[in-house]
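Per-entry structural report
Chain by chain, the residues:
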Amino acid sequence: RAGIADVVAIGLQEATTKMGVTGAKSSAVAASASSEGGGTGGSLGAAAPKQAASSSSTTTKKDADKASSSASSKAVDLKKRLGELLPGHELVCDAARGQMKLLVYVRRPLAAGCRERRTAYENTGLGHVVANKGGIAFACCVAGASHATLAFFAAHLAAHEGLKRRRRRNSDVGEILRGCRADLAKASTAACRAPVVDALDVDAQLDYSFFVGDLNYRAGGGGASPPGFIDADVDDDVDDDVD
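These numbers come from a predicted model, not from an experiment.

Some points on the overall build of the protein chain
The secondary structure content of the protein chain amounts to five helices and 11 strands. For the protein chain, buried positions account for 41% of its 243 residues. Taking contacts inside the protein chain between residues at least 6 apart in sequence as the whole, the part at least 24 apart equals 60%.

Quick word on the pattern of salt bridges
Throughout the structure, instances matching the rule amount to eight salt bridges. Glu 116 is the partner of Arg 118 in a salt bridge, and the nearest nitrogen-oxygen pair spans 3.7 Å. Looking at Arg 118, the relative accessible area reads 3%, which means it is buried. The partner of Asp 201 in a salt bridge is Arg 181, and the shortest N-O contact between them spans 2.8 Å. Note that Asp 201 is positioned in the loop between α4 (163–187) and β11 (208–214) and Arg 181 in helix α4, a separation of 20 residues in sequence. One connected set of salt bridges, linked through shared partners, spans Arg 181, Asp 198 and Asp 201.

Here's the deal with the packing of aromatic side chains
In total, this model carries two aromatic pairs according to the counting rule given. Between Phe 153 and Phe 211, the ring centres sit 5.8 Å apart and the planes meet at 20°, which makes this aromatic pair stacked. You can see Phe 153 sitting in strand β10 (residues 148–156) and its partner Phe 211 sitting in strand β11, a full 58 residues away along the chain. Taking relative accessible area as the criterion, Phe 153 reaches 4% and is therefore assigned buried. Looking at Arg 169, its charged tip hangs above the ring of Tyr 217, at a distance of 5.3 Å from the centre.

Section: the confidence of the model for the protein chain
With 62% of its residues at a pLDDT of 70 or more, the protein chain shows a mean pLDDT of 72. At the low end of the mean pLDDT range in the protein chain sits strand β4 (residues 39–42), at 34; at the high end sits strand β6 (residues 89–97), at 93. Confidence drops under a pLDDT of 50 for residues 32–75, and excluding neighbours within four residues, the segment shows 48 contacts in the predicted structure. Predicted confidence is poor over residues 232–243, with pLDDT under 50, and the contacts of this stretch with residues over four places away or in other chains come to 21 contacts.

Topic: the nonpolar core
Counting 22 residues, the largest nonpolar core has Leu 102, Val 104, Phe 138 and Phe 152 as its most contacted members. Secondary structure elements with two or more residues in this core: β1 (7–13), β6, β7 (100–107), α3 (108–111), β9 (134–142), β10 and β11. Those residues within four positions of Val 104 in sequence are excluded, and the remaining contacts are Val 7, Val 8, Ala 9, Glu 90, Leu 91, Val 92, Cys 93, Phe 138 and Phe 152. Among the nonpolar cores identified, the runner-up in size contains 17 residues, and Ala 120, Ala 137, Ala 155 and Ala 185 belong to it.

Focus on a nonpolar patch on the surface
Taken together, Leu 126, Val 129 and Val 130 make up a surface patch of nonpolar side chains, about 300 Å² in accessible area. Tracing the sequence through the fold places Val 129 in the loop between β8 (114–123) and β9.

Remarks on the state of the cysteines
Across all of its chains, the model carries zero disulfides by this definition. With no disulfide of its own, Cys 93 lies closest to Cys 140 among cysteine sulfurs, the gap being 8.6 Å. Among the cysteines around Cys 140, which has no disulfide bond, Cys 114 carries the closest sulfur, lying 3.9 Å off.

Quick notes on the environment of Thr 189
Take Thr 189: it is sitting in the loop between α4 and β11. Residue Thr 189 is classed as partly exposed on the basis of its relative accessible area, which comes to 43%. In this structure, the C-alpha to C-alpha distance between Thr 189 and Glu 116, residues 73 residues apart in sequence, is 8.7 Å.

Considering the pairing of β11
Sheet topology places β10 next to β11; seven bridges connect them, and they run parallel. Residue pairing in the sheet places Ala 154 in a bridge with Val 212 of β11. Handedness of the crossover is the feature at issue here: the chain leaves β10, passes through α4, returns alongside β11, and the resulting connection is right-handed.

Reading the values: rules and limits
- Residues numbered from 1 in each chain as written.
- Predicted model: local features only at pLDDT ≥ 70, side-chain atom pairs only at ≥ 80, totals over all residues.
- Heavy atoms only, no water.
- Helix = DSSP H or I, 4+ residues; strand = E, 2+ residues; numbered from the N terminus.
- Buried < 20%, exposed > 50% of the residue type's maximum accessible area, 1.4 Å probe, protein only.
- Contact = heavy atoms within 4.5 Å.
- Salt bridge = Lys/Arg side-chain N within 4 Å of Asp/Glu carboxyl O.
- Phe/Tyr/Trp six-rings, centres within 6.5 Å; stacked < 30°, edge-to-face > 60°.
- Lys NZ or Arg CZ within 6 Å of the ring centre and 35° of its normal.
- pLDDT = per-residue confidence, 0-100.
- Core = buried A, V, L, I, M, F, W, Y, C linked by side-chain atoms within 4.5 Å.
- Patch = residues over 30% accessible without salt bridge, like charges linked within 9 Å, V, L, I, M, F, W, Y side chains within 5 Å.
- Areas by Shrake-Rupley, 256 points an atom, 1.4 Å probe, with all protein chains shown as cover.
- Disulfide = S-S within 2.5 Å.
- Pairing = 2+ DSSP bridges.
- Right-handed = clockwise from strand over helix to strand, strands pointing away.

Set out below in structure tokens:
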């Protein structure tokens, strides 16, 4: 379709491969690998189909099972639907950790030149081990007019309001950047045009980096700071990776 960027990355959290039954929180970002650069953003998702509530007290388990089966039959496979929306693109990254997913599509004329594909993961959930929170990273080099090197991060950060939770989100971002950076460095070889080294942040090494996901930051209310403002005591706790 006209207007669709050369590279489309979609991060999903609390995700299922079926849309329309349980749904999924999603975020999307698109980046152009043309010589002029540029990009677009958006989101993909689907609302769960509404089930008519029965007012009869004689509804049987068989009826309920039949209704559930009907709902499942209406579910749309996520990747199938995305393939229909992006017929001119090829899926070059299909990464998952727990209920987090990262899908990256590249326009077919460029897909053959999408090299140095590297994927990394970092869990920040319970005990910093469980994958209910954390991030996924994907790095690649797209051979085109600009030979752009790209990195995409999809993250699910800690929820809820309050200074303690906000500090935890900041800390999680730093942990995701550090952990994924280390894994991407291990996956880089001497033949890579743009190898990632563990000494520098990924965004300082590649041409374009994108960070998307269910970040859970609050814009206001409940004593929260105005958008764009970081308290001095919070900033002191933010790792250099986040600065």
